[in-house]
Amino acid sequence: AQKITQTQPGMFVQEKEAVTLDCTYDTSDQSYGLFWYKQPSSGEMIFLIYQGSYDEQNATEGRYSLNFQKARKSANLVISASQLGDSAMYFCAMRDVNAGGTSYGKLTFGQGTILTVHP
Amino acid sequence: DGGITQSPKYLFRKEGQNVTLSCEQNLNHDAMYWYRQDPGQGLRLIYYSQIVNDFQKGDIAEGYSVSREKKESFPLTVTSAQKNPTAFYLCASSISSGRRQETQYFGPGTRLLVL
């Protein structure tokens, strides 16, 4: 069974500094996708960044980058130049392409990390 | 603007009552999903649908039912059999569910409370 672990319940960062949110995963599959979502207090899940298991380069999207270490099964999110608006809950999720021989796109989520950005 | 809408934003359920949560998308996506989120927790999959007139149970389907009569709509009914329905419900959609890089996009959610 797939499992996502986010070991940091809460993180604090000073505005304009960088912060790393940890994510480790467990899967027996070779083909999978890793996602990070942001959930502000309003509740909506906002897609941030994607990393495929076969991608050789770390994904980047603006101020977001993903530190992907396949051998360690980790996919940490790095937010550079933090802004007050980055304060939110952040979820790491994994998508299994093959589940019982059928691909159905289920996302397995971690417990989340609450990020607070201080001015 | 393309997107996913969910209604109502807040929903109150009385004991023994069935309630239906609406989810509509105009993204022309084939696949749609329902997730449940409990306070301080990640999301868990309730039901998903890859195509019209087809849907499958997720990890926590007991006490819930869905229908997919139109591509744009995927309503979720919380039945009286669901003994602990208080949660935040999120609907999502994706182009199709066949590739690992497909991104799921989420609606704003519905908070369900039991009176």
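My aim in this report is to walk through the structure given alongside it, one point at a time. Every chain's residues receive numbers from 1 upward, in the order its sequence appears when written. Chains and ligands are labelled by the order in which they are written, letters from A for the one and numbers from 1 for the other. Given that the model is predicted, a residue must reach a pLDDT of at least 70 before its local features are reported, and side-chain atom pairs must reach 80 or more before they are shown or counted; all residues, however, enter totals for whole chains, interfaces and linings. In computing side-chain values, all of the structure's heavy atoms are included and hydrogens and water are not.

Here we look at the environment of Ala-81 of chain A
All names here are of chain A. Secondary structure is summarised from DSSP: a helix means a run of H or I of at least four residues, a strand means a run of E of at least two, and numbering begins at the N terminus for each. With respect to the secondary-structure elements, Ala-81 resides in the loop between strand 9 (74–79) and strand 10 (88–96). Between the C-alpha atom of Ala-81 and that of Tyr-54, which follows or precedes it by 27 residues, the distance is 28 Å. By the convention used here, residues are in contact when the closest approach between their heavy atoms is within 4.5 Å. Other than its neighbours up to four places away in sequence, Ala-81 contacts Lys-16, Glu-17, Ala-18, Arg-63 and Asp-86.

Notes on the interface of chain A and chain B
Listed by partner, the interface residues are 27 residues for chain A and 26 residues for chain B. Around 2,100 Å² of area is buried between chain A and chain B when both sides are counted, 50% of it from carbon and sulfur atoms. We define a salt bridge as a side-chain nitrogen of Lys or Arg found within 4 Å of a carboxyl oxygen belonging to Asp or Glu. Applying the counting criterion to the chain A and chain B interface returns zero salt bridges. Counted as a polar contact is a pair of N or O atoms within 3.5 Å, where, for protein atoms, one must be capable of donating a hydrogen and the other of accepting one, and residues adjacent in sequence contribute only when both atoms are in side chains. At the boundary of chain A with chain B, the tally comes to three residue pairs in polar contact (both at pLDDT 80 or more). Two parts placed together each lose some accessible area under a 1.4 Å probe, and adding up what both lose gives the buried area.

Observations concerning the state of the cysteines
Residue and element names in this part refer to chain A. The term disulfide is used for any two cysteine sulfur atoms that are within 2.5 Å. One pass over the structure, following the stated rule, counts two disulfides over all chains. A sulfur-sulfur separation of 2.0 Å characterises the disulfide bridge that pairs Cys-23 with Cys-92. Judged by the sign of its S-S torsion, about -60°, the bond between Cys-23 and Cys-92 is left-handed. Taken as a pair, Cys-23 in the loop between strand 3 (19–21) and strand 4 (24–26) and Cys-92 in strand 10 lie far apart in primary sequence, 69 residues in all. Here Cys-23 matches Cys-92 in class, with each residue buried. Type-normalised accessible area, obtained with a 1.4 Å probe on protein chains alone, sets the label of each residue: buried when under 20%, exposed when over 50%, and partly exposed for intermediate values.

Regarding a nonpolar patch on the surface
A cluster of nonpolar side chains, namely Tyr-10, Phe-12, Leu-113 and Leu-115 of chain B, defines an oily patch on the protein surface of about 420 Å² accessible area. By the secondary structure assignment, Leu-113 of chain B is in strand 11 (residues 110–114). Each patch is built from salt-bridge-free residues with over 30% relative accessible area, joining like charges within 9 Å and nonpolar side chains (Val, Leu, Ile, Met, Phe, Trp, Tyr) within 5 Å. To be clear on the numbers: accessible area is Shrake-Rupley with a 1.4 Å probe, and residue cover counts the displayed protein chains and nothing else.

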